[in-house]
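# Results of the structural survey
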Amino acid sequence: MSTRRKVVVIGAGPAGYVCAIRLAQLGQEATVVEREFIGGTCLNVGCIPSKALIAAGSLLDKLSHASAMGIHAENVKLNVDELVQWKAGIVGKLTGGVSGLLKNHGVKVVMGTASIESKNSVKVTSKEGTQTLQADDIVIATGSIPIEIPGFAFDEKDVWSSTGALAPKRIPGHLVVIGGGYIGLELGMMYRKLGSQVTVLEATQGALPGQEPDCVKVIERSLKKMKIDLKTETFAQGYERKGDKLHVTIKTKSGNQVVECDQILSTVGRKPYSQGLGLDKAGLQVDQRGFLTVDKQMRTKVANIYAIGDIAGQPMLAHKGSKEGLVAAAVIAGQKEEYDVRCVPAVIFTAPEMASVGLTEAQCKEQGLSVVSGSFPFAASGRAMSLMETDGFVKIISDAKTDVVLGVHMVGPEVTELIAEAALAIEMGATTEDIARTIHAHPTLPEAMMEAAEAVHNMAVHIYQKPKR
Ligand code: FAD
Ligand code: NAI
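Predicted, not measured: the structure shown is a model, and the values here were computed from it. (Residues numbered from 1 in each chain as written. Chains lettered and ligands numbered in written order. Predicted model: local features only at pLDDT ≥ 70, side-chain atom pairs only at ≥ 80, totals over all residues. Heavy atoms only, no water.)

### Some remarks on the overall build of the protein chain
In terms of regular secondary structure, the protein chain is built from 13 helices and 23 strands. Computed over its C-alpha atoms, the radius of gyration of the protein chain comes to 24 Å, within 12% of the 23 Å expected for a compact globule of 469 residues. Projected onto its principal axes, the C-alpha coordinates of the protein chain cover approximately 65 × 65 × 45 Å. Looking at the protein chain as a whole, 50% of its 469 residues qualify as buried. Considering only contacts within the protein chain whose residues lie at least 6 apart along the sequence, 63% involve residues at least 24 apart. Approximately 22300 Å² of the protein chain is accessible, and the part contributed by carbon and sulfur atoms is 52%. Charged side chains of the protein chain number 50 positive and 50 negative; the gap between the two group centres comes to 2 Å. (Helix = DSSP H or I, 4+ residues; strand = E, 2+ residues; numbered from the N terminus. Rg over C-alpha atoms; globule rule 2.2 N^0.38 Å. Buried < 20%, exposed > 50% of the residue type's maximum accessible area, 1.4 Å probe, protein only. Contact = heavy atoms within 4.5 Å. Areas by Shrake-Rupley, 256 points an atom, 1.4 Å probe, with all protein chains shown as cover. Lys, Arg positive; Asp, Glu negative; His and termini not counted. Charge placed at Lys NZ, Arg CZ, Asp CG, Glu CD.)

### Remarks on the site of ligand 1
The environment of ligand 1 is formed by 37 residues, the closest being Glu-34, Thr-41, Lys-51, Ala-114 and Ala-318. Note that an oxygen atom of ligand 1 is positioned 3.4 Å from one of the backbone N or O atoms of Leu-317. Here an oxygen atom of ligand 1 and a side-chain polar atom of His-319 are 3.3 Å apart. Burial of ligand 1 by the protein amounts to 95% of the accessible area it has alone, namely 990 Å². Those elements that place two or more of their residues in the shell around ligand 1 are β2 (29-34), α2 (40-45), α3 (47-64), β4 (113-118) and α8 (318-332). (Near = heavy atom within 4 Å. Polar contact = N/O pair within 3.5 Å; in protein donor to acceptor, adjacent residues only side chain to side chain.)

### A look at a nonpolar patch on the surface
Residues Leu-59, Leu-63 and Val-76 make up a contiguous nonpolar surface patch of roughly 240 Å² in combined accessible area. What makes Leu-59 exposed here is its relative accessible area of 54%. (Patch = residues over 30% accessible without salt bridge, like charges linked within 9 Å, V, L, I, M, F, W, Y side chains within 5 Å. Salt bridge = Lys/Arg side-chain N within 4 Å of Asp/Glu carboxyl O.)

### A word on the site of ligand 2
Residues in contact with ligand 2 amount to 23 residues; listed here are only the nearest, Ile-183, Glu-186, Glu-202, Met-316 and Val-347. One of the backbone N or O atoms of Tyr-182 is found 3.1 Å from an oxygen atom in ligand 2. Glu-202 places a polar side-chain atom, nitrogen or oxygen, 2.6 Å from an oxygen atom of ligand 2. Burial of ligand 2 by the protein chains amounts to 79% of its free accessible area of 840 Å². A domain-level breakdown of the shell around ligand 2 finds at least three residues from each of domain 1 (6-145 + 271-332) and domain 2 (159-268). (Domains from an automatic or database assignment.)

### Comments concerning the domain arrangement of the protein chain
What the domain assignment reports for the protein chain is domain 1 (6-145 + 271-332), domain 2 (159-268) and domain 3 (346-456). For domain 1 versus domain 2, the separation of C-alpha centres amounts to 27 Å. For the pairing of domain 1 and domain 2, the buried interface totals around 1200 Å² over both sides, and the portion due to carbon and sulfur atoms is 71%. Of all residues in domain 1, Val-45, Leu-53 and Val-80 bury the most surface against domain 2, accounting for 32% of the area lost on that side. At the junction of domain 1 and domain 2, the tally comes to one salt bridge. Ionic pairing is found between Lys-51 and Glu-186, a salt bridge with its closest N-O pair at 2.8 Å. (Buried area = accessible area lost by both parts, 1.4 Å probe.)

### Brief notes about the side chain of Ser-50
Considering the arrangement of structural elements, one finds Ser-50 in helix α3. The exposure class of Ser-50 is buried, given its relative accessible area of 5%. Among the polar contacts made by the side chain of Ser-50, one reaches the main-chain carbonyl oxygen of Cys-47 at a distance of 3.0 Å. Sequence-distant contacts of Ser-50, defined by excluding residues within four places in its chain, comprise Leu-166, Glu-186 and Leu-187.

### Section: the pairing of strand β6 (residues 129-134)
Relative to β6, strand β5 (residues 121-126) runs antiparallel, the two being bridged by six bridges. In the sheet register, Thr-125 faces β6, and the bridge partner there is Thr-130. (Pairing = 2+ DSSP bridges.)

### Some words on the nonpolar core
Counting residues in hydrophobic clusters, the biggest one holds 65 residues, and the most contacted among them are Val-394, Ile-396, Val-408 and Met-410. Not counting the four nearest positions on each side in its chain, Ile-396 is found in contact with Val-372, Ser-373, Gly-374, Val-405, Gly-407, Val-408, Thr-432, Ile-435, Met-449, Ala-452, Ala-453 and Val-456. Grouped together as the second largest cluster of nonpolar side chains are 52 residues, Val-98, Val-124, Leu-133 and Ile-140 included. (Core = buried A, V, L, I, M, F, W, Y, C linked by side-chain atoms within 4.5 Å.)

### Quick look at the sheet that holds strand β18 (residues 305-307)
Spatially, β3-β2-β1-β7-β18 is the arrangement adopted by the five strands of the open sheet, whose pairing is parallel. Edge positions in the open sheet fall to β3 (108-111) and β18, since each of these has one partner strand only. The average angle at which neighbouring strand axes cross in this sheet is 20°, direction not considered. When strand β7 (residues 137-140) meets β18, the two strands line up parallel, connected through three bridges. The partner of Ile-140 across the bridge, within β18, is Ala-307. Helix-sheet contacts for α8 involve β1 (6-10), β7 and β18, and the interaxial angle to β18 is about 160°. (Axes fitted to C-alpha atoms, helices over the stretch in contact; angles between N-to-C directions.)

### Considering the layout of surface pockets
In this approach the atoms are scanned with a rolling probe the size of a water molecule, which exposes any empty space left behind. In this model, the second largest pocket occupies a volume close to 1100 Å³. Around the second largest pocket, the lining comprises 34 residues; the ones closest to its centre are Asp-61, Lys-62, Lys-193, Ala-351 and Glu-389. Only α3, α6 (182-193), α7 (213-225) and α11 (415-427) provide two or more residues apiece to the lining of the second largest pocket. Per-element tally for the lining of the second largest pocket: the top contributor is α3, with eight residues. For the lining of the second largest pocket, the class distribution of residues is 15 nonpolar, eight polar and 11 charged. (1 Å grid on protein atoms, 1.4 Å probe; cavity = no way out; pocket = protein on both sides within 12 Å on 5 of 7 lines; lining within 4 Å. Points joined across faces, edges and corners; volume = space filled by probe spheres on them. Nonpolar A, V, L, I, M, F, W, Y, C, P; charged D, E, K, R; others polar.)

Next comes the structure, spelled out in structure tokens:
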């Protein structure tokens with residue numbers, strides 16, 4: 001064990017606070033500097049509040065379809081203030097919990113804006129004044145912010161960023177969403193379920209660019225079923241307020257058009273945040289896309305300065321940032337550790353949900369891998385039927401020679417939970433045979449994983465496949 005090191009972590013999001021707690025667990029002296037809110041984007045204006053509202057939207061939607069089960073939930077009313085208060089309560093409990101954990105572990109929390117003065121000192125500015133913290137090591141975990149496009153400055157009145165969309169005063173009559181990626185579809189579908197008419201403007205040829213194409217097809221079908229108007233190869237040019245309506249000018253393949261709506265939500269991506277951080281004072285600079293380059297031990301090119309989370313590169317996901325935080329803490333504490341993962345799962349809380357881990361077929365092809373795949377549809381799952389959620393499938397891609405699982409892609413009920421088994425399988429180097437031989441409890445959704453593993457060899461029991469023999 002090395003000597004106790006003094007570490008300043010800048011940013012208390014899921015990368016920074018996890019790193020600070022692990023540093024304390026490993027006997028280091030950790031201070032976290034946070035300018036806005038403990039828990040960062042994720043707990044305050046990201047993962048947690050969005051999933052709370054999405055759960056509320058799903059419940060409302062389920063009630064409106066429950067008559068098929070003989071449940072007639074007439075006159076169900078949504079009180080937006082109460083919904084927002086409920087969501088705020090969840091955020092409060094979680095951020096309070098994290099503050100408590102930091103305190104109990106003996107991590108010092110300094111509220112204020114940090115800037116690097118040198119490779120061993122950090123200045124913190126707050127309403128109370130400034131102070132300088134000395135550090136053996138600095139961990140940068142300053143996260144990311146939403147990208148603004150010309151003509152759509154976030155005023156959180158006419159034009160919401162995701163933050164505005166998570167604290168509505170009312171449910172807009174017609175919501176125009178710019179960007180059909182993660183946030184655009186999660187929140188666009190959520191608002192549709194809460195009663196809005198929704199139009200999504202997407203610059204590329206389809207929703208969720210870069211995601212597994214067969215899964216995306218199911219989502220695009222669902223958008224149609226939900227009567228969400230997805231306009232592809234479309235760019236928003238600007239908008240004008242006319243009375244109580246907003247007129248959005250859009251450029252499409254067939255020329256310019258105007259879409260009238262009540263609210264705009266702009267979600268065209270996020271960019272790493274390091275403004276005013278004084279990176280140059282430590283001899284650091286960001287790359288062209290604004291990220292800090294790190295090695296496998298999360299070190300920047302300055303040996304005692306680490307970067308983790310969204311600022312350290314794609315994918316900009318909370319769990320990837322937390323993992324990097326654990327690695328940085330272990331390295332600082334003198335352990336032999338590095339970021340050595342085979343895969344990072346991705347989950348998208350659309351309707352139905354989508355989840356992926358490992359390689360897609362296209363990526364396997366690029367890498368010259370010879371692969372086989374098998375799919376199992378939720379339409380053949382008793383559990384999915386009992387949940388009235390039969391859209392979607394589980395698809396497993398494995399190495400044709402070794403049978404080792406290379407990628408798993410799912411769309412359907414609760415797949416954001418199901419993907420954990422697939423991530424474990426890939427990390428453990430499991431084969432489809434390992435998955436198929438594992439007894440999966442009945443009747444459960446994970447049986448679809450077992451059947452998809454069998455389907456790779458045309459041996460799924462609950463769908464007909466011509467035996468390979
Ligand atoms: P952040 O969470 O952004 O935290 C950085 C912290 O640093 C902030 O609190 C900031 O105030 C602070 N900071 C910045 N500069 C300074 C400074 N100079 N001094 C002091 N403090 C500073 N990811 C998922 O994995 N799953 C999801 O379901 C998911 N849903 C999302 C939904 C929405 C609407 C959004 C916007 C994002 C979502 N994400 C999700 C992404 C996820 O929130 C981020 O990947 C994650 O928060 C990144 O963690 P981080 O610690 O790197 O940065
Ligand atoms: P995104 O990158 O997922 O999607 C942005 C979309 O906007 C893309 O489809 C892009 O083609 C489109 N676009 C870009 N410019 C445009 C323009 N001018 N007009 C129309 N469309 C345009 O970014 P998003 O949704 O803002 O989310 C940011 C990040 O936050 C995600 O990439 C992800 O890392 C994280 N996130 C993760 C979630 C999860 O894990 N469930 C949920 C929400 C966010």
